[in-house]
Amino acid sequence: MFAYLVRRLFLMLVTLFGISVVIFFLLRIVPGNIVDILFAAAGYVDPADKANLEKELGIDQPLIVQYWHWISGFLRGDFGYSYVSEKPALQEILPRIPITARLAGLALLFSASIGIPLGVISAVKQGTRLDYGLRVVSLSGLSLPSFWLGLLILTASVAMFGQMPIFNPNPQTWLEAFATYAVPAAAVGFRSAALTMRITRSSMLEVLRQDYIRTARAKGASDAAVNYQHALKNAILPVITVIGIEAAFLIGGLIVTETVFNIPGVARFLVEAIRWRDYPIVQNLVMLIAVVVVSANFIVDMLYAVFDPRIRYTD
Amino acid sequence: MRSVWALAVVAALSVLTASTTTLAGEPKQGGILRIYHRDSPANASILEGATYSVNVPFMGVFNNLVIYDQHKAQNSPDSIKPELAESWSWSGDNKKLTFKLRQGVKWHDGKPFTSADVKCSFDLLMGKSQQKLRQNPRKTWYEQVNDVTPNGDFEVSFDLKRPQPSLLAMLASGYTPVYPCHVSPAEMRTHPIGTGPFKFVEFKANESIKLARNPDYWRKGLPHLDGVEYTIITNRSTAILAFVAGKFDMTFPTHITIPLLKDIKSQAPNATCVVEPTNVSTNIIVNSTAPPFDNIDIRRAMAMALDRKAFVDILFEGQADVGGTMLPPPQGIWGMPKDKLATIPGYGPDVNANREEAKKLMQKAGYGPDKHLAVKVSTRNLAEYRDPAVILIDQLKSIYIDGELDVVETANWFPKVARKDYMLGLNLTGNSVDDPDQSFYENYSCGSERNYTNYCNKEIEKLFDAQSQETDVNKRKQLVWEIDKKLQEDVARPIIFHARAGSCWQPYVKGVTIMSNSSYNGFRYEDVWMDK
């Protein structure tokens, strides 16, 4: 197990190194840099001013030098300065992380707490009206884009109540915090919940057909015991995998949701930073996200062993 | 006797009415004006900015030497008022403009304002300072200024190479705040210090901009507001919904399109909304350095094929203006009158007749029903660029031109235009001051960096200078119309239309004036107040 852990950690480092190279060079391949954008916005370009600004920002140096400056800084925890705001990149990124983390956490919680029970119900009640109803809900969850759902929620709340949930950066109470995050989390988590529901349902259906479930029923175990203790425990593995993968993909949905609900999180910030070609923000933020995703994958793999005693990692 | 009594009653009533009006209109102190902001500006430095995303939130931090009257919708030479300058005077030969400065004015950090600050600011703008602006988009405004000379602490003179009466208009623009000498341009980008009614508090990129009342403002009793807060909301639908739901007191100025204005009026019927021109023209930039548009016939044919009314009807439900380079009257001061405009090829009301003429020109150039000209119409990936580009492509079909839309990301737009890597471009040109010097020299003079098409006509250059030196407004107008007509006939940068846009605020917001011929000059907000 220890050797396996060491090998996985080494592979994680190799993956992160590869990601750093890809991020850095992809960003440089995209046409235009911050200086081009600033001058494009100004509607003129003075070659001398442009050269001065490129020198000031260090983007006139050879790419390999720029890469070394960045990656060595990243490893030291020195994220450099945002080209746009001229503030330390870390100072710009850090306050936004908890906002997105809370939103993502709540969305995943929403996804699991809605998706798993409804998936179980749908499987247990297979072929009933309830099953069909839940399947329609899950299908709509997969079909509705989160930006559309978000706008629908906002429009409906304004039209019906004359009110609109708007982001409160400093909630004073739990209730305020919940009011701030619940609606956008539901909007972004609806798709994940639908996916979780579908996976839970199909996984449960497969397990419910197994011999040991029949045996459990024959021994007189209650429905609840059969469904939740025997079946769900064995059906949960693919669900965990999906939730883990969804955690990684959530950033895509969050970009849109943060824009629609005007939440100043890292997801929207990342898109803005890409628009400005604010390399220090984009590179460091993507690396941080990569670290989270790679770590999440690692944790999911480890959770397999916790949930399924048959899985034991060895050399 | 009866008439005396009647007179007395009328007099008493009118006094009562007047006093009631005064009481109801008495500005109240306090409150934070909440406005959504459409975009996160690159920084807080107005001198380096080239978008009203910077002007709107930060204009209140500063003062100019002179300023357009903030409560007259139409900026004009007559509406220029003193601000940091108490008065101004021209020398007899109109080559020296002297300002007497206000005394006792302090910067937000407590340091005194003097003539040295004026010199520093204009040295920065003229590129004479040791310190440099990262960008200096309006350097051309001061090309006729030889030097700015302080005469003691409270007088300053602008020495000109030749008379340029429009200098005062440039100085009155929201783009011309006076900066302090003791704060570097870099600091002004992140933490601007001004003398204005509001102090800078905080700017969080993509999040918010906060200003607070300057308690030591030199205009005693102002501002009325305790502060102004801008919440940055890039999604227009979300922003408008938040305004409708009462989360904001005001929309971002001139951010509401004409179709969206209907939504607001239906959902928030009490809101006050106005529609004004933005002095932003939608135009075509033509690459006349390469075939096929190096052929003047094809350029003229293209300009003659335009059905400007169709653009205005489709995009603005009829609420936009057709004109030449200068914003058309009545809102524009310098635009050509309708009868003169109609004499320019392509501006006549009979679109079919214009297009028949255009077809003849195309046939002369070797194109016709059996041989269409294929062109790419490049434009930025923004709705206000893409939508008219699509209509343009549709209209060009009528004269044997098959257009293909080439959407370009903002980052690549200007480099692409600069290296002449385009055939036709659908472009927007914002004029920050409704003055011919600003428009002509920036966009059409030989060698200007914003003259994207490199249009260069030495004869017209002479006329540029002639109108620029003319002190008689009526004579100057005649010259400006002549120039504008020639620019359209030369297809220098065919103007399609001048946009209009809406601004809305809640009924309790008082004292807001949206400028009718500029989107850049009306955001001091020192006497805006809230009746609640």
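Everything numeric here is computed off the predicted structure, so don't read it as measured data.

Let's talk about the overall build of chain A
Link 1 in the chain: Within chain A, the regular secondary structure consists of 13 helices and zero strands.
Link 2 in the chain: In sequence order, chain A lays out its α and β elements as α-α-α-α-α-α-α-α-α-α-α-α-α.
Link 3 in the chain: When each of the 315 residues of chain A is scored for burial, the buried share is 45%.
Link 4 in the chain: Restricting the contact set of chain A to residue pairs at least 6 apart, pairs at least 24 apart contribute 73%.

Some details on the overall build of chain B
Link 1 in the chain: Assigned secondary structure in chain B consists of 16 helices and 17 strands.
Link 2 in the chain: Relative to a compact globule of 532 residues, whose C-alpha radius of gyration would be 24 Å, chain B shows 25 Å and is just as compact.
Link 3 in the chain: Overall, chain B is about 80 × 60 × 60 Å in size when its C-alpha atoms are taken along their principal axes.
Link 4 in the chain: For chain B, the proportion of contacts with a sequence separation of at least 24, taken over those separated by at least 6, is 71%.
Link 5 in the chain: A total accessible area of about 20,400 Å² is found for chain B, and carbon and sulfur atoms account for 52% of it.
Link 6 in the chain: In chain B, which carries 62 positive and 61 negative side-chain charges, the distance between the mean positions of the two groups comes to 1 Å.

Concerning the environment of W218(B)
Link 1 in the chain: Turning to its location among the elements, W218(B) is positioned in the loop between strand 9 (208-213) and strand 10 (227-232).
Link 2 in the chain: Excluding residues that lie within four positions of it along the chain, W218(B) makes contacts with N63(B), E83(B), L84(B), R102(B), V105(B) and T195(B).

As for the interface of chain A and chain B
Link 1 in the chain: Taken together, the 42 residues of chain A in the interface contact 38 residues of chain B.
Link 2 in the chain: Buried surface at the junction of chain A and chain B, summed over both partners, amounts to about 3,500 Å²; 54% is from carbon and sulfur atoms.
Link 3 in the chain: Three residues, Y44(A), E86(A) and M164(A), lead the burial of chain A against chain B; their summed loss comes to 16% of the area buried on that side.
Link 4 in the chain: Connecting chain A to chain B are six salt bridges.
Link 5 in the chain: In this assembly, chain A and chain B are joined by 13 residue pairs in polar contact (both at pLDDT 80 or more).
Link 6 in the chain: If you list the elements that add at least two residues to the side of chain A that touches chain B, you get helix 2 (34-42), helix 3 (47-57), helix 8 (146-161), helix 11 (223-260) and helix 12 (266-276) of chain A.
Link 7 in the chain: In terms of residue count, helix 2 of chain A provides more of the side of chain A that touches chain B than any other element does, seven residues in total.
Link 8 in the chain: Partitioning the side of chain A that touches chain B into residue classes produces 22 nonpolar, eight polar and twelve charged.

Here's the deal with the nonpolar core
Link 1 in the chain: Core analysis: the biggest nonpolar cluster contains 110 residues, and F99(B), F122(B), Y142(B) and F158(B) have the highest contact counts within it.
Link 2 in the chain: Counting residues in hydrophobic clusters, the runner-up holds 42 residues, among them L16(A), I23(A), L57(A) and L270(A).

So, the sheet that holds strand 12 (residues 373-380) of chain B
Residues and elements named next belong to chain B.
Link 1 in the chain: Overall, mixed pairing links the five strands, which are arranged 13-12-14-11-15 in an open sheet. Strands at the two margins of the open sheet, each flanked by one partner only, are strand 13 (401-408) and strand 15 (495-505). Strand-to-strand, the axes of this sheet are offset by a mean angle of 30°, without reference to chain direction.
Link 2 in the chain: Relative to strand 14 (residues 424-430), strand 11 (residues 272-286) runs antiparallel, the two being bridged by seven bridges. For I284, the partnering residue across the bridge sits in strand 14 and is L426.
Link 3 in the chain: Contacts from helix 7 (residues 258-267) reach strand 11 and strand 15 within the one sheet, and its direction differs from that of strand 11 by about 165°.

Digging into the pattern of salt bridges
Residues and elements named next belong to chain B.
Link 1 in the chain: This structure, assessed with the given rule, holds 43 salt bridges over all chains.
Link 2 in the chain: A salt bridge links E83 to R524; the shortest N-O distance between them is 2.6 Å. A residue pair is termed long-range when its members are at least 10 positions apart, and E83 in the loop between strand 3 (80-82) and strand 4 (85-90) and R524 in the loop between strand 16 (509-510) and strand 17 (529-530) qualify at 441 residues.
Link 3 in the chain: Judged by relative accessible area, which is 2%, E83 ranks as buried.

Considering the UniProt feature "domain: Solute-binding protein family" (unreviewed entry) in chain B
Link 1 in the chain: Residues annotated by UniProt as "domain: Solute-binding protein family" (unreviewed entry) correspond here to residues 80-448 of chain B.
Link 2 in the chain: For residues 80-448 of chain B, the helix share is 30%, the strand share is 23%, and the end-to-end C-alpha distance is 27 Å.

Some thoughts on the side chain of R162(B)
Residue and element names in this part refer to chain B.
Link 1 in the chain: Looking at where R162 falls in the secondary structure, it is placed in the loop between strand 7 (155-160) and helix 4 (167-171).
Link 2 in the chain: Within the structure, R162 has its side chain in polar contact with the side chain of S468 (distance 3.0 Å).
Link 3 in the chain: When residues no more than four places from it in sequence are discounted, the contact partners of R162 are K95, Q144, Y441, D465, S468 and Q469.

Topic: the UniProt feature "transmembrane region" (unreviewed entry) in chain A
Residue and element names in this part refer to chain A.
Link 1 in the chain: In this structure's numbering, the residues bearing the UniProt feature "transmembrane region" (unreviewed entry) are residues 9-30, 103-124, 136-162, 174-194, 235-256 and 285-307.
Link 2 in the chain: With 89% helix and 0% strand, the stretch residues 136-162 has end C-alpha atoms that lie 30 Å from each other.
Link 3 in the chain: The straight-line gap between the two end C-alpha atoms of residues 235-256 is 32 Å; of that span, 100% is helix and 0% is strand.

Overview of the packing of aromatic side chains
Link 1 in the chain: Going through the model one piece at a time under the given rule, you end up with 28 aromatic pairs over all chains.
Link 2 in the chain: Ring geometry for Y441(B) against F464(B): centres 5.9 Å apart, planes inclined by 75°, an arrangement best described as edge-to-face. Of this pair, Y441(B) sits in helix 14 (residues 436-444) while F464(B) sits in helix 15 (residues 458-469), and the two are 23 residues apart along the sequence.
Link 3 in the chain: Here the aromatic residues F24(A), F25(A), Y67(A), W70(A), F74(A) and F79(A) are joined through ring pairs into a cluster of three or more.
Link 4 in the chain: The aromatic ring of F24(A) is capped on one face by R28(A), whose charged end is 3.9 Å from the ring centroid.
Link 5 in the chain: Above the face of the W334(B) ring, R476(B) is positioned so that its terminal group lies 4.6 Å from the ring centre.

Concerning the sheet that holds strand 10 of chain B
All names here are of chain B.
Link 1 in the chain: Read across the sheet, four strands follow the order 1-10-9-8 without closing on themselves; strand pairing throughout is mixed. Edge positions in the open sheet fall to strand 1 (32-37) and strand 8 (198-204), since each of these has one partner strand only. Ignoring which end each strand starts from, the neighbouring axes of this sheet average 15° apart.
Link 2 in the chain: With six bridges joining them, strand 1 and strand 10 adopt parallel strand pairing. Note on strand 10: the bridge partner recorded for L33 is V228.

Considerations on the packing of helix 15 of chain B against helix 16 (residues 473-489) of chain B
Residues and elements named next belong to chain B.
Link 1 in the chain: Relative orientation of the contacting elements helix 15 and helix 16 amounts to 155°, with a least axis distance of 9 Å. Regarding the angle of helix 15 to helix 16, the classification is roughly antiparallel. As for the relative orientation of helix 15 and helix 16, their crossing is left-handed in sense. Facing helix 15, whose interface residues are I460, L463, F464, A466 and Q467, helix 16 presents R476, L479, V480, E482, I483, K486 and L487.
Link 2 in the chain: Its residues placed into classes, the contact of helix 15 with helix 16 shows eight nonpolar, one polar and three charged.

Some words on the packing of helix 1 (residues 2-29) of chain A against helix 4 (residues 63-76) of chain A
Residue and element names in this part refer to chain A.
Link 1 in the chain: Contact geometry for helix 1 and helix 4: axes closest at 11 Å, N-to-C directions at 130°. When the interaxial angle is binned, helix 1 and helix 4 end up oblique. Both helix 1 and helix 4 take part in a crossing whose hand is right-handed. Across the interface between the two elements, F17, S20, V21, F24, F25 and R28 of helix 1 pack against L63, Q66, Y67, W70 and I71 of helix 4.
Link 2 in the chain: Residues that form the contact of helix 1 with helix 4 fall into these classes: eight nonpolar, two polar and one charged.

Procedures and definitions
- Residues numbered from 1 in each chain as written.
- Chains lettered and ligands numbered in written order.
- Predicted model: local features only at pLDDT ≥ 70, side-chain atom pairs only at ≥ 80, totals over all residues.
- Heavy atoms only, no water.
- Helix = DSSP H or I, 4+ residues; strand = E, 2+ residues; numbered from the N terminus.
- Buried < 20%, exposed > 50% of the residue type's maximum accessible area, 1.4 Å probe, protein only.
- Contact = heavy atoms within 4.5 Å.
- Rg over C-alpha atoms; globule rule 2.2 N^0.38 Å.
- Areas by Shrake-Rupley, 256 points an atom, 1.4 Å probe, with all protein chains shown as cover.
- Lys, Arg positive; Asp, Glu negative; His and termini not counted.
- Charge placed at Lys NZ, Arg CZ, Asp CG, Glu CD.
- Buried area = accessible area lost by both parts, 1.4 Å probe.
- Salt bridge = Lys/Arg side-chain N within 4 Å of Asp/Glu carboxyl O.
- Polar contact = N/O pair within 3.5 Å; in protein donor to acceptor, adjacent residues only side chain to side chain.
- Nonpolar A, V, L, I, M, F, W, Y, C, P; charged D, E, K, R; others polar.
- Core = buried A, V, L, I, M, F, W, Y, C linked by side-chain atoms within 4.5 Å.
- Pairing = 2+ DSSP bridges.
- Axes fitted to C-alpha atoms, helices over the stretch in contact; angles between N-to-C directions.
- UniProt positions renumbered as here; feature names shortened; annotations may be inferred.
- Phe/Tyr/Trp six-rings, centres within 6.5 Å; stacked < 30°, edge-to-face > 60°.
- Lys NZ or Arg CZ within 6 Å of the ring centre and 35° of its normal.
- Parallel < 35°, antiparallel > 145°, perpendicular 65-115°, else oblique.
- Left-handed = near helix turned anticlockwise from the far one by under 90°.

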